[in-house]
Structures are given as structure tokens and as C-alpha cells.
Protein chains: 2
Amino acid sequence: MRSSGAQQAAEALTCGEAQRAGRGATCLATPEGAWKIASSLNYRHLDGTVVAVVQDAESGDVLMVAHMDFVAVILTLTTGMAHYYSTTRRRIWLKGETSGHYQIVEEFRSDCDGDAVLLRVRQTGPACHLGSRSCFSSPNSTVLRVTRR
Amino acid sequence: MRSSGAQQAAEALTCGEAQRAGRGATCLATPEGAWKIASSLNYRHLDGTVVAVVQDAESGDVLMVAHMDFVAVILTLTTGMAHYYSTTRRRIWLKGETSGHYQIVEEFRSDCDGDAVLLRVRQTGPACHLGSRSCFSSPNSTVLRVTRR
């Protein structure tokens with residue numbers, strides 16, 4: 001971990017707070033369970049993170065890719081709201097903290113070597129900061145498709 | 001680029017070879033077009049790579065996460081077969097070169113800030129080296145799911 005978990009946690013929602021705020025989040029793990037899962041991952045990516053792939057739980061569309069450090073994993077699992085680690089701003093963020101476009105986590109999966117996780121979420125509004133539903137359908141995106149006859 | 005593109009390209013299939021080998025791949029771009037797209041990406045991840053999320057074109061399941069350097073992007077677009085850069089083996093690989101479990105690319109998308117790409121593929125056999133269809137449903141995977149009443 002690069003920064004103080006206690007300090008970062010203070011900025012984030014607890015599950016009770018998320019539930020009281022009417023965002024419909026449900027915790028995925030107890031703090032103890034979350035700690036165990038977070039400890040099992042391999043934070044080998046930028047700034048000691050795992051890659052997080054975020055998928056729309058309804059449509060199956062891939063919405064975005066982000067990074068999670070140990071604390072972001074703990075906060076995501078214990079609050080049910082997606083938290084990430086920004087490698088540019090070098091801090092934890094609650095997805096939606098500025099935009100209001102929260103991600104309520106329906107499913108969390110780790111991959112075979114523990115350096116990537118998949119979140120299936122209910123996305124409020126657009127996932128992309130450019131206003132697109134998905135970061136892969138943004139105005140900046142290149143899209144190439146094979147058309148078969 | 002960390003290594004010689006010409007040397008790496010020699011190990012990979014050309015589109016004509018992939019087509020002759022009966023793998024059903026179709027090029028997504030000309031070499032010139034592929035170069036332009038590869039040049040537009042931001043290789044800010046491990047070892048000068050972008051993150052590649054791989055999604056099953058039929059089921060929509062996320063199969064795996066890998067990395068692509070400049071050359072892997074070029075080879076993927078010009079052959080229609082997924083190529084990655086292994087950050088552990090420090091070389092380009094054609095997915096399936098050892099296992100025979102190739103990925104034929106149906107769609108290529110870049111994200112809003114150009115540091116991640118999404119491949120929608122036709123996957124031959126399991127995507128995971130542990131034999132699972134997806135790396136996120138491997139024997140090593142942790143899966144947590146919110147059950148709503």
C-alpha cells in the first residue's frame with residue numbers, strides 16, 4: 001500500500017452510509033472477509049494495483065478499465081460501491097464521488113493469477129467522463145469491426 | 001517499443017497465413033491503418049503496454065486481461081488473430097501458439113484515453129491456461145455475488 005488506509009477509508013462510504021443514502025448497495029464481504037480476499041491478490045500493476053474490468057451487469061457491455069489497490073478492494077467489498085485507485089491523481093476514489101455516476105457492485109471475481117478483477121455493476125448514468133455509457137464507445141474511441149459475408 | 005518489431009513479426013502469422021491455415025481470421029486493418037491506430041494509443045502500462053480486455057463475442061463473457069505493446073497491436077489488427085505482450089516472459093505471443101486456443105478478433109475498440117483496448121473474439125477452446133473457458137471462472141478465482149431478495 002502506498003498510502004494510509006485509515007486516511008483513505010475516511011473519504012469513502014461505509015455500507016451503512018451507502019444504504020442510508022438510498023443507493024441500493026449491499027456489502028459483498030465483512031471487513032475480515034474483505035481483508036482475506038484483498039490479501040490473496042497480486043498487486044503487480046502500476047503503483048501496486050490490480051487491473052479492474054468493469055462490466056454492465058444488465059447489458060454485459062464492458063464499461064471501463066481502472067485500477068484497485070489493497071484499500072480500494074477492501075472498500076469496494078465492504079460497501080458494495082466501486083472504489084478505485086487513480087494512478088494519475090495517486091489517491092483512492094469512489095466512482096461517482098464527483099459525477100454522481102456510482103457503480104453498485106453485483107458481482108466481484110478475481111482471475112486465475114490474481115492480478116485482475118472483474119466487477120459486474122449497476123451503473124448510474126454514463127461510466128465515461130466524456131459522457132458515453134462506456135469508455136469503449138467514447139468520442140475518442142477507435143472501433144474496427146470484421147464484417148463477414 | 002522494447003524489442004525489435006521485425007524479429008517479433010517473424011514469429012507471428014500474417015493474415016494470408018492465418019486464412020490459409022483455415023482459422024477463419026480476417027484482417028481488421030492494412031499495415032498503414034494499423035500503424036496509425038497503434039500510434040494513437042498511450043502505452044502507459046507495464047513495460048510500455050496498453051491493457052487488453054478480451055470478451056467472448058457470442059456470450060459477452062469477459063475471458064481474460066492481457067497486455068499489448070505497439071507490435072502486438074499491429075500484429076493483431078493486420079492478422080485478425082489476437083497477439084499480446086507477456087510482461088513476465090518479456091516477449092510477444094500469439095494467443096494459442098502453444099495451446100492451439102486461438103482468438104479470432106471480431107471487433108477492436110480503444111477507450112477514451114487510449115490506454116486500454118477491448119477485443120471481442122471468437123475463442124477456440126478455453127481462454128485460461130488452467131482449462132477454464134474464462135480466467136475469471138478458474139479454479140483459483142474468488143467469486144462474490146450479491147443476492148437480492
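This one's a predicted model, so the numbers in the text were calculated from it and none came from an experiment.

Chemist: So what exactly am I meant to see when it comes to helix H4 (residues 70-79) of chain B here?
Modeler: The periodicity of an α-helix, 3.6 residues per turn, causes residues three or four positions apart to be oriented the same way. Residue and element names in this part refer to chain B. For H4, the buried fraction is high: 10 of the 10 residues fall into the buried class. Of the residues making up H4, those classed as buried are Phe70, Val71, Ala72, Val73, Ile74, Leu75, Thr76, Leu77, Thr78 and Thr79. Downstream of H4 by a residue or two, Gly80 has a phi angle that is positive, lying close to 80 degrees.

Chemist: How should helix H3 (residues 31-40) of chain B be read in this particular structure?
Modeler: Every buried residue of H3(B) is listed here: Ala34(B), Ile37(B) and Ala38(B). What you see down the axis of H3(B) is that its buried residues fit within an arc of 100 degrees, all on one side. Away from the buried face of H3(B) by more than 90 degrees, exposed residues Glu32(B), Trp35(B) and Lys36(B) are located. Looking at the buried residues of H3(B), the elements they touch are strand S7 (143-145) of chain A together with H4 and strand S5 (103-110) of chain B.

Chemist: I keep staring at the pairing of strand S4 (residues 91-94) of chain B and nothing clicks. Help me out?
Modeler: Regular strands have side chains that alternate between both faces of the sheet. Residues and elements named next belong to chain B. Pairing of strand S3 (residues 83-86) with S4 involves 4 bridges; the strand directions are antiparallel. Bridge assignment links Tyr85 to a residue of S4, and that residue is Ile92. Remark: 4 residues form the turn of the hairpin made by S3 and S4, two consecutive strands paired antiparallel; Arg90 in that turn has positive phi of roughly 55 degrees.

Chemist: What should I look at first to understand the interface of chain B and chain A in this one?
Modeler: Interfaces are often sized by the amount of accessible area the parts lose when they come together. With 45 residues of chain B in contact, the opposing surface of chain A contributes 45 residues. Of the roughly 3,900 Å² buried at the junction of chain B and chain A (both faces included), carbon and sulfur atoms supply 57%. Counting across the chain B and chain A interface gives 2 salt bridges. With its nearest N and O atoms 2.5 Å apart, the salt bridge here joins Glu107(B) to Arg145(A). Our count for the contact surface shared by chain B and chain A stands at 20 residue pairs in polar contact (both at pLDDT 80 or more). Here the side of chain B that touches chain A gets 7 residues from one element, more than from any other, and that element is S5(B). Taken together, the residues that form the side of chain B that touches chain A break down as 23 nonpolar, 14 polar and 8 charged. Sheet topology places S7(A) next to S5(B); 3 bridges connect them, and they run antiparallel. Note on S5(B): the bridge partner recorded for Arg145(A) is Glu107(B).

Chemist: For this particular structure, what's the right way to read the pattern of salt bridges?
Modeler: Scanning the model with the defined rule gives 14 salt bridges over all chains in all. It is possible to trace a salt-bridge network through shared partners that takes in Glu107(A), Arg109(A) and Arg145(B).

Chemist: Sorry if this is basic, but what is going on with the side chain of Glu107(A) here?
Modeler: The topology assignment puts Glu107(A) in strand S5 (residues 103-110). Within the structure, Glu107(A) has its side chain in polar contact with the side chain of Arg109(A) (distance 2.7 Å). With residues near it in sequence (within four places) discarded, Glu107(A) still touches Leu28(A), Leu118(A), Leu119(A), Arg120(A), Val143(B), Leu144(B) and Arg145(B).

Chemist: Honestly, the relation of the copies chain B and chain A in this entry has me stumped. Any pointers?
Modeler: Between the two copies of the chain lies a rotation about an axis combined with a shift along it. With an RMSD of 0.0 Å, the operation that places chain B on chain A is a rotation of 180 degrees combined with a shift of 0.0 Å along the axis. Given the turn and translation reported, the copies of this chain are related as if by a two-fold rotation axis. It is Gly60(B) whose C-alpha, among those of chain B, lies nearest the rotation axis, at 2.9 Å. An overlap of 100% is found between the interface residues of chain B and their copies at the interface of chain A, pointing to a shared contact surface.

Chemist: Explanation requested: the sheet that holds strand S6 (residues 116-123) of chain A in the structure shown.
Modeler: Strand pairing in a sheet relies on backbone hydrogen bonds. The paired strands run either parallel or antiparallel. The 5 strands lie next to each other as S2(A)-S1(A)-S6(A)-S5(A)-S7(B), forming an open sheet whose pairing is mixed. Here the strands that pair on one side only, and so sit at the sheet edges, are strand S2 (62-68) of chain A together with strand S7 (143-145) of chain B. The mean inter-strand angle of the sheet, taken between neighbouring strand axes irrespective of direction, is 25 degrees.

Chemist: Would you explain unusual backbone geometry in this entry?
Modeler: With the exception of glycine, most residues fall at negative phi, and the peptide bonds are largely trans. Residues and elements named next belong to chain A. The backbone phi angle of Asp47 is positive, close to 55 degrees, even though this residue is not glycine. Its place among the elements puts Asp47 in the loop between helix H3 (31-40) and strand S1 (50-56). Residue classification places Asp47 among the partly exposed residues on the basis of a relative accessible area of 22%. We note that Arg90 has phi near 55 degrees; this positive angle belongs to a residue other than glycine. Look at Arg90 and you get partly exposed, because its relative accessible area is 44%.

Chemist: Would you mind going over the sheet that holds S5(B) with me for this structure?
Modeler: One open sheet holds the 5 strands; their spatial order is S7(A)-S5(B)-S6(B)-S1(B)-S2(B), and the pairing between them is mixed. Both edges of this open sheet fall to S7 of chain A together with strand S2 (62-68) of chain B, since each of them pairs with a single strand only. Between one strand axis and the next, the sheet turns through 25 degrees on average, direction left out of account. Contacts from H4(B) reach S7 of chain A together with S2 and S5 of chain B within the one sheet, and its direction differs from that of S2(B) by about 125 degrees.

Parameters and conventions
- Residues numbered from 1 in each chain as written.
- Chains lettered and ligands numbered in written order.
- Predicted model: local features only at pLDDT ≥ 70, side-chain atom pairs only at ≥ 80, totals over all residues.
- Heavy atoms only, no water.
- Buried < 20%, exposed > 50% of the residue type's maximum accessible area, 1.4 Å probe, protein only.
- Helix = DSSP H or I, 4+ residues; strand = E, 2+ residues; numbered from the N terminus.
- Arc of directions from axis to C-beta.
- Contact = heavy atoms within 4.5 Å.
- Pairing = 2+ DSSP bridges.
- Buried area = accessible area lost by both parts, 1.4 Å probe.
- Salt bridge = Lys/Arg side-chain N within 4 Å of Asp/Glu carboxyl O.
- Polar contact = N/O pair within 3.5 Å; in protein donor to acceptor, adjacent residues only side chain to side chain.
- Nonpolar A, V, L, I, M, F, W, Y, C, P; charged D, E, K, R; others polar.
- Least-squares fit on C-alpha atoms with pLDDT ≥ 70 in both.
- Axes fitted to C-alpha atoms, helices over the stretch in contact; angles between N-to-C directions.

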